[in-house]
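# Coordinates in review
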Amino acid sequence: MSNHLHIYDEATVKPWCSSRANERKAWQSIALLDTGVDPLQAMHDAAQFGIKYVLLGICEDIGPRANLGNGGAEDGWQAFLKRFLNQPDNQFLANEKVLLLGEVAISDLTLAARDLSNQNPQQLTQLRQLCAQLDQRVEQVLSLIFTAGLEPIVIGGGHNNCLGIIRALSKHKQRPINAINFDPHADFRDCEGRHSGNGFRYAYNEQHLNNYHVIGMHELKNNQAIIDALAAAQFSYDSYQALQVRREKTLTEACQQALYNLIDAPLGVEVDLDSISLMPVSAYTNCGFSVSDAEHFVHLAASQVNSQYLHLCEAAPNQHPSGIQAGMSDAGQVITALVNAYLQAKAN
Ligand SMILES: N=CN[C@@H](CCC(=O)O)C(=O)O
């Protein structure tokens, strides 16, 4: 049993749901967990009843701040829920296979991190220590989901959370896993203390990562040490410049080739929302991919038989140039679109 899981009940979810006469909404079809039963048992029971996919939130910005970045990623999950739950429920999405589980319980960690400045070296160290504690909780909750035979869709927080997910899946499968990441950053920085820029490096050093490919890695947003470390690990990438500037191959060709090379182990599907132009994120860009490019990436990766989870991270609604309300709207729409792309690809 995990004491780091905040399971949602009807009372928790109700304030986020709206109704419309003669229209069924997604929230009226997706399942909630029975809070009166041990969570692992309840998830096993849910799987027996046909549930396949689990929505899980991580409401933190400790990781991006511990990486000297901006805050705000704690609101990505809320932005998503408000949009996703109120979509019309129709024949195009199998909402009855989806469980809204809840969120990783980390309010003590976020409180401890709240007033720490990443400009103060001692406080930066503290932020990185808190991020390592967060990793353990993410791993524990993800272990439950994988043990129950369910497929997690993990939303919100920084890209630091890839480590807890990868650790859990690798231990569950008892073998290092593969990952494909749609991201301008390889997140393969030195193991200098935990943060959002080194999750895949820690996973590799801990022998949880067998093979790793970055789609859209920006040639000018990764330092030479990162590029050298990727090469030393024999990991690969298709750069943003190769795909979008020089047009050496199409996005579809790049994804299909990479996925073919990643077929030999369970696959993690990762999207950093800072790959998309104009998204409210810690590392805001107007030189990225389109939303439909990201949806296409998710579609292709989810269609792969060995894909085991989807991780959508780094949305930070407060980083929208027009303010947090616009950021909540944009982040909610885009994360919902990516979850829809995953669920629709899995249904086919
Ligand atoms: N997950 C993001 N990693 C980026 C962050 C860049 C930024 O915040 O500007 C990185 O480490 O390079």
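These figures come from a predicted structure and were not determined experimentally. (Residues numbered from 1 in each chain as written. Predicted model: local features only at pLDDT ≥ 70, side-chain atom pairs only at ≥ 80, totals over all residues. Heavy atoms only, no water.)

## Some points on the overall build of the chain
Inclusion rule: Think of it this way: any DSSP run of H or I at least four residues long counts as a helix, any run of E at least two long counts as a strand, and we number them from the N terminus. The globule rule is 2.2 Å times the number of residues to the power 0.38, and the radius of gyration it is compared with is taken over C-alpha atoms. Under the scheme applied here, a residue whose accessible area is under 20% of the maximum for its type counts as buried, over 50% as exposed, and between as partly exposed, the area being computed with a 1.4 Å probe on protein chains only.
Summing up its helical and strand segments, the chain has 13 helices and 10 strands in all. A compact globule built from 348 residues would reach a C-alpha radius of gyration of about 20 Å, and the chain, at 19 Å, matches this within 12%. Projected onto its principal axes, the C-alpha coordinates of the chain cover approximately 55 × 45 × 45 Å. Per-residue burial over the chain gives 58% buried out of 348 residues.

## Digging into helix α4 (residues 76–84)
Keep this limit in mind: Residue contacts are counted whenever heavy atoms from the two residues lie within 4.5 Å of one another.
The buried count for α4 comes to 7 of 9 residues, which makes it a mostly enclosed element. Among the residues of α4, Gly76, Trp77, Gln78, Ala79, Phe80, Leu81 and Phe84 are the ones counted as buried. Along its buried surface, α4 packs onto β3 (53–57), β4 (98–104), β5 (151–155) and α13 (324–347).

## What to know about the nonpolar core
The criterion, for reference: As used in this record, nonpolar core signifies buried Ala, Val, Leu, Ile, Met, Phe, Trp, Tyr and Cys residues forming a set joined through side-chain atoms within 4.5 Å.
One finds Ile215, Leu273 and Val339 to be the most contacted residues of the largest nonpolar core, which totals 57 residues. Sort the elements by how many residues they give to this core and α13 lands first, with 10 residues. If we skip the residues at most four places from it in the chain, Leu273 touches Met279, Val281, Leu312, Cys313, Glu314, Ala315, Val334 and Leu338. In this structure, Leu5, Ile145, Cys162 and Ile177 belong to the second largest nonpolar core, which totals 55 residues.

## A word on the pattern of salt bridges
Here is the rule we go by: By definition, a salt bridge exists where a carboxyl oxygen of Asp or Glu is found within 4 Å of a side-chain nitrogen of Lys or Arg.
What the rule picks out here adds up to 13 salt bridges. A salt bridge links Arg201 to Asp190; the shortest N-O distance between them is 3.6 Å. With a gap of 11 residues between them, Arg201 in helix α8 (residues 199–205) and Asp190 in the loop between β6 (177–182) and α8 connect regions that are remote in the sequence. Arg201 sits in the buried class, given a relative accessible area of 16%. For the salt bridge of Arg246 with Glu219, the shortest nitrogen-to-oxygen distance reads 2.7 Å.

## Some thoughts on the packing of helix α2 (residues 39–48) against helix α6 (residues 121–147)
To be explicit about the condition: The axes are straight lines fitted to the C-alpha atoms, using for helices just the contacting stretch, and the angles between their N-to-C directions are given from 0 to 180°. Whether a crossing is left-handed or right-handed is set by the direction in which the near helix is turned from the far one by less than a right angle, anticlockwise for left-handed and clockwise for right-handed. Each residue is assigned to one class: nonpolar for Ala, Val, Leu, Ile, Met, Phe, Trp, Tyr, Cys and Pro, charged for Asp, Glu, Lys and Arg, and polar for all the others, Gly among them.
Contact geometry of α2 with α6 gives a least axis separation of 9 Å together with a crossing angle of 35°. Where α2 crosses over α6, the two elements pack in a sense that is right-handed. Taking contact as the criterion, the partners of Pro39, Leu40, Met43 and His44 in α2 are, on α6, Leu144, Ile145 and Thr147. Residue composition of the contact of α2 with α6, by class: 5 nonpolar, 2 polar and no charged.

## Thoughts on the packing of helix α12 (residues 291–302) against α13
We count it as follows: In these notes the angle categories are as follows: under 35 degrees is roughly parallel, over 145 is roughly antiparallel, 65 to 115 is roughly perpendicular, and the rest is oblique.
Here α12 crosses α13 at 30°, and the two axes come no closer than 8 Å. The angle between α12 and α13 falls in the class roughly parallel. α12 and α13 meet at a crossing whose hand is right-handed. Of α13, the residues touching α12 (which contributes Val291, Ala294, Glu295, Val298, His299 and Ala302) are Val334, Ala337, Leu338, Ala341, Tyr342, Ala345 and Lys346. Classifying every residue of the contact of α12 with α13 gives 10 nonpolar, 1 polar and 2 charged.

## Some remarks on the pairing of strand β10 (residues 307–313)
Operational definition: In short, DSSP must find at least two bridges between two strands for them to pair.
Judged by how many residues are buried, β10 sits mostly within the fold: 7 of 7 residues are covered. Across 3 bridges, the pairing between β5 and β10 is parallel. Within β10, the residue paired with Ile153 across the bridge is Leu310. Relative to β10, strand β9 (residues 267–272) runs parallel, the two being bridged by 6 bridges. Pairing of Asp272 across the sheet is with Cys313, part of β10.

## Let's talk about the site of the ligand
For clarity, the threshold we go by: Nearness of a residue to a molecule or strand requires only that one of the residue's heavy atoms be within 4 Å of it. Contacts described as polar in this section are N or O atom pairs within 3.5 Å, which, within protein, must combine one atom able to donate a hydrogen with one able to accept it, while residues neighboring in sequence count only if both atoms come from side chains. Surface exposure here means Shrake-Rupley accessible area, sampled with a 1.4 Å probe, where a residue is shielded only by the protein chains that are shown.
The environment of the ligand is formed by Asn67, His159, His185, Asp187, Arg189, Ser196, Gly197, Asp272, Ser282, Ala283 and Glu314. Note that a nitrogen atom of the ligand is positioned 2.9 Å from one of the side-chain N or O atoms of Asp187. In this structure, Arg189 approaches the ligand through a side-chain N or O atom, which is 2.7 Å from an oxygen atom. A total of 340 Å² of accessible area belongs to the ligand in isolation, and the protein chains cover 81% of it. Class assignment for the residues of the shell around the ligand results in 1 nonpolar, 6 polar and 4 charged.

## Things to note about helix α9 (residues 224–232)
The condition that has to hold: This arc is built from the directions going out from the helix axis to the C-beta atoms.
Among the residues of α9, Ile226, Ala229 and Leu230 are the ones counted as buried. Looking straight down α9, one finds its buried side chains confined to an arc of 100°; they lie on one side. In α9, the exposed residues that point more than 90 degrees away from the buried face are Gln224, Ala231 and Ala232. Buried residues along α9 sit against α8, β7 (209–217) and β8 (236–239). Structurally, the start of α9 carries an N-cap: the backbone nitrogen of Ala225 is 3.2 Å from a side-chain oxygen of Asn223. Directly beyond the C-terminal end of α9, a positive phi value near 60° is found at Gln234.

## Structural notes on the packing of aromatic side chains
Put simply, the test is: Here a Phe, Tyr or Trp ring, Trp counted by its six-membered ring, pairs with any other such ring whose centre lies within 6.5 Å, and the pair is stacked when the planes are under 30 degrees apart, edge-to-face when over 60, and tilted otherwise.
A complete count under the given rule lists 13 aromatic pairs for this structure. An angle of 35° between the planes, with centres 6.4 Å apart, marks the rings of Tyr8 and Trp77 as tilted. One end of the pair, Tyr8, is in the loop between β1 (5–7) and α1 (10–13); the other, Trp77, is in helix α4, with 69 residues separating them in the sequence. According to the relative accessible area criterion, Tyr8 is buried, its value standing at 0%. Using a relative accessible area of 0% as the deciding quantity, one classes Trp77 as buried. Relative to Tyr212, the ring of Phe188 has its centre 6.2 Å away and its plane inclined at 25°; by these criteria the two rings are stacked. In this pair, Phe188 sits in the loop between β6 and α8 while Tyr212 sits in strand β7, placing the two residues 24 residues apart along the sequence.

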